[in-house]
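Close look at the chain arrangement
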Amino acid sequence: MLKQSIFLVLITAVPASAWGPVGHRVVGKIAEAHMTSEAKEGVEALLGVESLARASTWADEMRSHPDKDYFGKFAPWHYATVPVGENYKDEFAPKKKGDIIQAMRSLEKKLRSKKTDRKEKIEALRLLIHFIGDVHQPLHVGNGKDFGGNTCHVKWFGAPKKLHAVWDESLIDHLKLSYTEYSEFLNHPSAKQVKAWQKGSYVDWADESIQLRNRVYPGTAKPEDRKYCMKGWSGRPEESDMPDLKWDYAFKHRKAMDARLLKAGVRLAGVLNSIFE
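Here we summarise the structure given alongside this text. Just so it is clear, the structure is predicted and the values come from calculations on it, not from any experiment.

Concerning the sheet that holds strand S5 (residues 244-245)
- Taking strand neighbours across the sheet as the criterion, the three strands line up as S4-S3-S5 in an open arrangement whose pairing is mixed. Of all the strands in the sheet, the pair left with one neighbour each is strand S4 (159-162) and S5.
- Direction of pairing for strand S3 (residues 153-156) relative to S4: antiparallel, over a ladder of four bridges. Each residue of the ladder has a partner; that of His153, found in S4, is Lys162.
- Helix-sheet contacts for helix H9 (residues 163-173) involve S3, S4 and S5, and the interaxial angle to S4 is about 105 degrees.

Quick word on a negative patch on the surface
- Negative charge collects at one region of the surface, where Glu38, Glu41, Glu44 and Glu277 lie side by side.
- Mapping Glu44 onto the fold places it in helix H3 (residues 37-47).
- Judged by relative accessible area, Glu44 falls into the exposed class, the value being 53%.

Notes on the state of the cysteines
- This structure, assessed with the given rule, holds one disulfide.
- Residue pairing for Cys152: its cysteine sulfur links by disulfide to Cys229, the two sulfurs lying 2.1 Å apart. Taking the sign of the S-S torsion, 105 degrees for the link of Cys152 and Cys229, the bridge is right-handed. Of the two residues, Cys152 is situated in the loop between strand S2 (141-142) and S3 and Cys229 in the loop between helix H12 (202-216) and S5; the sequence distance between them amounts to 77 residues.

Quick notes on the rules
- Residues numbered from 1 in each chain as written.
- Predicted model: local features only at pLDDT ≥ 70, side-chain atom pairs only at ≥ 80, totals over all residues.
- Heavy atoms only, no water.
- Pairing = 2+ DSSP bridges.
- Helix = DSSP H or I, 4+ residues; strand = E, 2+ residues; numbered from the N terminus.
- Contact = heavy atoms within 4.5 Å.
- Axes fitted to C-alpha atoms, helices over the stretch in contact; angles between N-to-C directions.
- Patch = residues over 30% accessible without salt bridge, like charges linked within 9 Å, V, L, I, M, F, W, Y side chains within 5 Å.
- Areas by Shrake-Rupley, 256 points an atom, 1.4 Å probe, with all protein chains shown as cover.
- Salt bridge = Lys/Arg side-chain N within 4 Å of Asp/Glu carboxyl O.
- Lys, Arg positive; Asp, Glu negative; His and termini not counted.
- Charge placed at Lys NZ, Arg CZ, Asp CG, Glu CD.
- Buried < 20%, exposed > 50% of the residue type's maximum accessible area, 1.4 Å probe, protein only.
- Disulfide = S-S within 2.5 Å.

Honestly, it's all geometry; don't read function into it.
This is the structure we're talking about:
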């Protein structure tokens, strides 16, 4: 019982979701519009009538799976840790558990292999769809000091919120759009943009998130000076130290968030096109 309790603390003490269901579905919906007929056939052969939008949230929904070990085996794959001032390096990933970059490489390899059975491929596809969305959320490539903004306490229009949750859901929910409406608003890249965005690697996409990550923290640019960020999971800052994020924050970061969701969708399509060509 004690072992199980400790495990539950550990898996809930890390950023295990990104964008929330609406954001992930936006990524999936956008991807569908940029897939080749071969990719669509390949995905349908595995998922049947399940759309990419529906499949995109499966990895987070598995947190409710009665077998906690089942979720636990891929819980560390939702994110990567890259210290301030660095770009992603494989050496930053935990040797045994891995991280989101290594997970995406492994999942793509499984999907390409003729030796992978159908059940494994279905799981790999659902996870890959989700993780390509995750790596585009800037706080899913964390700095190693605040669990991807999960121990940074802010206020969202006066209500207490963690910075990670602001980027997961609050900025998106603020628009009051369905995922289909949001994807339709965003999904107008030029052919030149699609070609350029699909050229990058998983590491390139993580490094883009790092560059944006450095700008999403309100106030001081120095992590050690952010009084609203706790060093651990216990305690909370003084309310006067919690930045109150409102219209100006949402306006400032709207274009960046829109771009990350659009790029994630276009790139997901590119990966699937390559796998099922």
